[in-house]
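# Inside the fold
Next come the chains, spelled out residue by residue.
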Amino acid sequence: VWHGDVVHKVEYYMELDSVASVLLEQIKKYCDKDEFILDICCNVGRHLNYLSNEGYANVCGFDVMKPAIEAMPVVFPKINTKNVLLGNAVDVIRNYGDNNFDWAYTHSATIELIHPSFKLHDELNRVVRKGLVLLINENGQGYVRDYERLYNSSGFITAKKMLVKSSKDYNFTLYV
């Protein structure tokens, strides 16, 4: 379903909504503009574009949706697409080096759809130096899991939690 845009149109992921704004404000609060930041499952790059426009120089991302990655240079020409990869999370994250990024973040649905047999929390602990900013809709997930327990068991410490109200309730969690 996510490899193409038959069900999930690229156009849907071009605009920032109120939930994305909360995520991005938290990233700006904790991440310095010269740090290396990974957008986990970036789609067409709305968050990368925002951060680039805010002066963040080292934003990177990946996504499995080929039409989104192909549209990125047209939709958001300021994004440095050499830092954006096409591929699924399991394959891409395994290929990143240890401590490759200072921070990583995701905007819901992305990590919720990754099969629990892939220990994403352990791999992120390997590739991220400082912390994670996760915005997760814990209701209606494909694979229900206790994120706080998983990430804490991998070496992250829960630094901040808050509920973000919208049509879906999202839990924002900062792990360091």
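Residues numbered from 1 in each chain as written. Predicted model: local features only at pLDDT ≥ 70, side-chain atom pairs only at ≥ 80, totals over all residues. Heavy atoms only, no water.

## Notes on the overall build of the protein chain
Basically, it comes down to this: For the purposes of this entry, the term helix denotes a DSSP run of H or I that reaches at least four residues, the term strand denotes a run of E that reaches at least two, and both are numbered from the N terminus. Whether a residue is buried, partly exposed or exposed follows from its accessible area with a 1.4 Å probe, protein chains only, as a fraction of its type maximum: under 20%, in between, or over 50%, in that order. When checking whether two residues touch, look at their non-hydrogen atoms; a contact exists if any pair is within 4.5 Å. Here the Shrake-Rupley method, with its probe set to 1.4 Å, supplies the accessible areas, and only the displayed protein chains count as covering residues.
Looking only at helices and strands, the protein chain features six helices and seven strands. Overall, the protein chain shows an N-to-C arrangement of helices and strands of α-β-α-β-α-β-α-β-α-β-α-β-β. With 176 residues in all, the protein chain has 48% of them scored as buried. Restricting the contact set of the protein chain to residue pairs at least 6 apart, pairs at least 24 apart contribute 72%. Total accessible area computed for the protein chain in this model is approximately 8500 Å², and 51% of it derives from carbon and sulfur atoms.

## Here's the deal with the sheet that holds strand β5 (residues 128-136)
Condition: Strands qualify as paired when DSSP identifies two bridges or more between them. For every element, the axis is a line fit to its C-alpha atoms; helices are fit only across the contacting stretch, and the angle between N-to-C directions ranges from 0 to 180 degrees.
Strand order in this open sheet of seven strands is β3-β2-β1-β4-β5-β7-β6, and the pairing throughout is mixed. Two strands close off the open sheet at either side, each with one partner strand: β3 (84-86) and β6 (158-164). Taken pair by pair, the neighbouring strands of this sheet meet at an average axis angle of 15 degrees, ignoring direction. Bridge analysis of strand β4 (residues 101-107) against β5 gives six bridges, and the strand direction is parallel. Across the sheet, residue Phe101 finds its bridge partner in β5, namely Val128.

## Concerning the pattern of salt bridges
Counted only if it meets this: By definition here, a salt bridge exists when the distance from a side-chain nitrogen of Lys or Arg to a carboxyl oxygen of Asp or Glu is within 4 Å.
Under the counting rule described, the total for this entry stands at eight salt bridges. The partner of Glu70 in a salt bridge is Lys66, with the nearest N and O atoms 3.9 Å apart. You can see Glu70 and its partner Lys66 sitting in helix α3 (residues 66-75), four residues apart, about one turn around the helix. Take Glu70: its relative accessible area is 52%, and that puts it in the exposed class. For Lys66, a relative accessible area of 43% gives the class partly exposed. Two residues, Asp102 and Arg129, come together in a salt bridge whose shortest N-O distance is 2.9 Å. Taken together, the residues span a long stretch of sequence, with Asp102 in strand β4 and Arg129 in strand β5 at a distance of 27 residues. Overall, the relative accessible area of 41% leaves Arg129 in the partly exposed class. What emerges from the salt-bridge pattern is a single network uniting Glu25, Lys28 and Glu54.

Take it as geometry only, folks, not as evidence of what the structure does.
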